[in-house]
Amino acid sequence: MNILGLNNNITSSISIQKFIILEENIGQRIDNFLLRVCYKVPRGHIYKILRSGEVCINKNRINQTYRLKKNDIIEILHPIKIEKKIVSKIINIKFKILLEDNYLLIIEKPSGIAVHGGSGISCGIIEQLRILRPKLKFLELVHRLDRDTSGILLLAKKRIALINLHEQMRSGYIDKRYLVLVNGNWINKRQHIKYSLHKYISKDGNRRVTVIENGGKASHTIFSLKCNYGKKYTLLEAELKTGRTHQIRVHLSKIGFSVVGDNKYGNFFLNKALKKSKNSFNRMFLHASQITFFHPKDRKITKLKSSLPLECKKFLENLLKK
C-alpha cells in the first residue's frame, strides 16, 4: 500500500514577482496559476491583487479569468504578503495512493478534509500535495469532492492529462459511482432522478444548492438499491450522469431520503439523535467508491475501486445486528 503523509509544520517566505509562461501552463487561468505557484500566499490575497489590477501580463492589466499564452510575462506590481502558517489544522494525514504515473495521481480522500483552500480553510489537499511534491511542475485537481465526502480523488500531473479528462467528463465518458446511506426504506431497484439545480450563497455566507423548476442546470443521478437495513436505513449506489455541486445530496433530500450525517441538506434531528446513540456515527455517509475512464496517455480503460472506510463498515455491521 502506497501512502502519502502530510505534515503541517511548514513555514517559509516568498518574494516571487515575475513569471514567464512555458508550455505546461498554456491555457491555464491566471488565478489558478498564481494559487499554485504562490501556495504560501493566502488565497484571498491572490484574488485581491487580481481585482485591484496589481497583476499585469505583458504590461497590461488583466482580470482573474485571463488564460495564459506561451511566453506571457506576468508581473506583480507590489510585494506579496505571506502568512507564517501556510497549512491548516490537518496534522499527519495519510492518503492511500490508488494509482500514480507520469500523468496521474489518484488517492483516497478521507472525510472531513477540503480538497482546496477557501471559505475559512487556509490549505486543502491540493495545496498540501504541492508542498509535498515540490518538484512537480504541474499538479491540479481533475474534479472535486465535498469536504465531508470520502473516496477516490483524481489529480493531473500534466496539463494534457487535465484537459483530456475534463473533455471525457463533458462527453460523459467518465463513470463515477458513490456509495451512500440514506434515511428511509428505499424500494425501487433502480431509479433515475433528474432536476434543475440552482447554486446560491445563503444569508450566513455558505454555498448551497436548491431545486428549481425554471432555469438552473440540468442534473441526472441514477440510484441503485444495494441493501435495506430494516425500514430505517438504505444503502444505495449513486451513478453520476452529470457532476453538479452537491448533486447527490440535493437529489436525495428532494425526494425525502436524506443522506445520513449530512448537516447541510439532511435531517437535523435524526443526525443529532444518531450522534448520541449507542451506534453513533459522526460523519456524512457518502463515499466515492468507483471510477472508470480512458487513461490520457494510451486511452486504455482504467477502473479503480475504493472500499468503504472502516467507520462506515462498522456502522453497517452494527445495523445488521439489530
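Here is what the cut-offs are and how they apply
- Residues numbered from 1 in each chain as written.
- Predicted model: local features only at pLDDT ≥ 70, side-chain atom pairs only at ≥ 80, totals over all residues.
- Heavy atoms only, no water.
- Helix = DSSP H or I, 4+ residues; strand = E, 2+ residues; numbered from the N terminus.
- Buried < 20%, exposed > 50% of the residue type's maximum accessible area, 1.4 Å probe, protein only.
- Contact = heavy atoms within 4.5 Å.
- Areas by Shrake-Rupley, 256 points an atom, 1.4 Å probe, with all protein chains shown as cover.
- Axes fitted to C-alpha atoms, helices over the stretch in contact; angles between N-to-C directions.
- Parallel < 35°, antiparallel > 145°, perpendicular 65-115°, else oblique.
- Left-handed = near helix turned anticlockwise from the far one by under 90°.
- Nonpolar A, V, L, I, M, F, W, Y, C, P; charged D, E, K, R; others polar.
- Core = buried A, V, L, I, M, F, W, Y, C linked by side-chain atoms within 4.5 Å.
- Polar contact = N/O pair within 3.5 Å; in protein donor to acceptor, adjacent residues only side chain to side chain.

(A) Structural context of the overall build of the protein chain. Within the protein chain, the regular secondary structure consists of seven helices and 16 strands. Residue burial in the protein chain is summarised as follows: out of 322 residues, 47% are buried. Long-range pairs, those at least 24 residues apart, make up 65% of the contacts in the protein chain between residues at least 6 apart in sequence. Here the protein chain displays about 17300 Å² of accessible surface, and carbon together with sulfur accounts for 49% of that area.

(B) Main features of the packing of helix H1 (residues 30-37) against helix H2 (residues 43-51). Two numbers describe how H1 lies on H2: the axes approach to 10 Å, and their chain directions differ by 140 degrees. Comparing their axes, H2 and H1 come out oblique. H2 is crossed by H1, and the crossing has right-handed handedness. Here Ile 30, Asp 31, Leu 34 and Leu 35 of H1 lie close against H2, whose contacting residues are Arg 43, Ile 46, Tyr 47 and Leu 50. Residues belonging to the contact of H1 with H2 are distributed by class as follows: six nonpolar, no polar and two charged.

(C) Up close: the nonpolar core. One finds Ile 107, Leu 155 and Leu 252 to be the most contacted residues of the largest nonpolar core, which totals 30 residues. Secondary-structure elements contributing two or more residues to this core are strand E6 (94-100), strand E7 (104-109), helix H3 (125-132), strand E9 (150-156), strand E10 (175-183), strand E14 (233-240), helix H5 (247-254) and strand E15 (286-294).

(D) Molecular detail of the environment of Thr 242. For Thr 242, the location among the structural elements is in the loop between E14 and H5. Distance from Thr 242 to Arg 170, taken between C-alpha atoms, is 8.6 Å for residues 72 residues apart in sequence. Separated by 2.9 Å, the side chain of Thr 242 and the backbone nitrogen of His 220 make a polar contact. Within the structure, Thr 242 has its side chain in polar contact with the side chain of Gln 247 (distance 2.7 Å).

Taken by themselves, the reported measurements are silent on function.
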